[in-house]
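Architecture at a glance
One-letter residues, chain by chain:
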Amino acid sequence: MTISLGFLAIVGLIGLVIAVCNTIIVATTRKYTFNSPSSVPSTYWGIVLGTAPIRPDGKPNRYFVRRIRAAVELFQARKVERIIVSGGSRLNGYDEAKAMRNSLERKGIPASVIVEDNGGQRTLLSVLALKHRFGADCAVFISQRFHNERAIFMARQLGIEAYGYNAEDVHGGKAPIVMAREWIGRVRAFEILFLKQNHTH
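Calculation notes
Residues numbered from 1 in each chain as written. Predicted model: local features only at pLDDT ≥ 70, side-chain atom pairs only at ≥ 80, totals over all residues. Heavy atoms only, no water. Helix = DSSP H or I, 4+ residues; strand = E, 2+ residues; numbered from the N terminus. Buried < 20%, exposed > 50% of the residue type's maximum accessible area, 1.4 Å probe, protein only. Polar contact = N/O pair within 3.5 Å; in protein donor to acceptor, adjacent residues only side chain to side chain. Contact = heavy atoms within 4.5 Å. Axes fitted to C-alpha atoms, helices over the stretch in contact; angles between N-to-C directions. Parallel < 35°, antiparallel > 145°, perpendicular 65-115°, else oblique. Left-handed = near helix turned anticlockwise from the far one by under 90°. Nonpolar A, V, L, I, M, F, W, Y, C, P; charged D, E, K, R; others polar. Expected span 1.5 Å × (residues − 1).

Inspection of the secondary structure assignment puts asparagine 61 in the loop between β2 (43-49) and α2 (62-76). Looking at asparagine 61, the relative accessible area reads 8%, which means it is buried. Within the structure, the side chain of asparagine 61 is placed 3.1 Å from the side chain of threonine 51, a separation counted as a polar contact. One polar contact links the side chain of asparagine 61 to the main-chain amide nitrogen of tyrosine 63, over a distance of 3.0 Å. With residues near it in sequence (within four places) discarded, asparagine 61 still touches Thr51, Ala52, Pro53, Ile54 and Arg55.

So, about the packing of helix α4 (residues 123-132) against helix α5 (residues 145-157). Running from amino to carboxyl end, α4 crosses α5 at an angle of 45 degrees, the nearest separation of the two axes being 10 Å. By the angle between their axes, α4 is oblique relative to α5. Here α4 and α5 pass one another in a crossing that is right-handed. Residues Thr123, Leu124 and Val127 of α4 touch α5, and the partners they reach there are His147, Arg150, Ala151, Met154 and Ala155. For the contact of α4 with α5, the residue count by class is five nonpolar, two polar and one charged.

An ideal rise of 1.5 Å per residue puts 21 Å on 15 residues; α2 measures up with 21 Å between its terminal C-alpha atoms. Taken together, the buried positions of α2 are Tyr63, Phe64, Arg66, Arg67, Ile68, Ala70, Ala71, Val72 and Leu74. Backbone nitrogen of tyrosine 63 and a side-chain oxygen of the N-cap are separated by 3.0 Å at the start of α2; the cap is asparagine 61. Backbone geometry just after α2 places arginine 78 at a positive phi near 60 degrees.

Take it as geometry only, folks, not as evidence of what the structure does.
Quick look at the structure:
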């Protein structure tokens with residue numbers, strides 16, 4: 001009985017932490033995400049957050065396809081001047097940044113406006129590169145809404161005037177593995193607070 005109660009207490013605490021982190025991120029970023037290009041503030045940088053172009057089953061990754069489509073829409077609407085494609089290399093051989101660059105070029109985006117960030121294995125690393133490598137003080141994240149919210153939260157903690165253009169989502173209720181990764185990601189997003197504090201001391 002004691003073990004069961006202790007286990008339930010731990011599960012409850014984890015659930016509470018996730019709920020609090022999620023509430024803070026949603027509440028503080030709600031007004032900075034947009035579903036229409038015309039509503040997005042014009043900025044110099046747009047940044048496409050990475051994902052693999054192909055799923056493990058060999059089918060096209062719809063998250064990837066829809067992020068590319070959203071990036072093209074935003075550029076064609078003249079809302080961004082340069083596009084950072086930020087991703088990492090996967091064990092299956094995919095270079096996410098290169099794959100995004102190639103896909104954007106096939107869609108008519110000039111190669112001269114695309115910049116690769118190959119260190120974006122995590123969203124946090126993409127945000128840090130945006131600040132410290134590219135020196136951005138304003139940018140638009142391009143991904144699905146749940147991903148944009150997390151990126152915007154971290155970027156604004158670093159003083160970046162960040163917005164998000166929401167690519168079309170893939171799952172109405174989202175697959176369990178996607179949701180589990182996002183819950184973990186939202187808790188880990190608060191790492192930025194510790195990094196910011198250490199950087200200012």
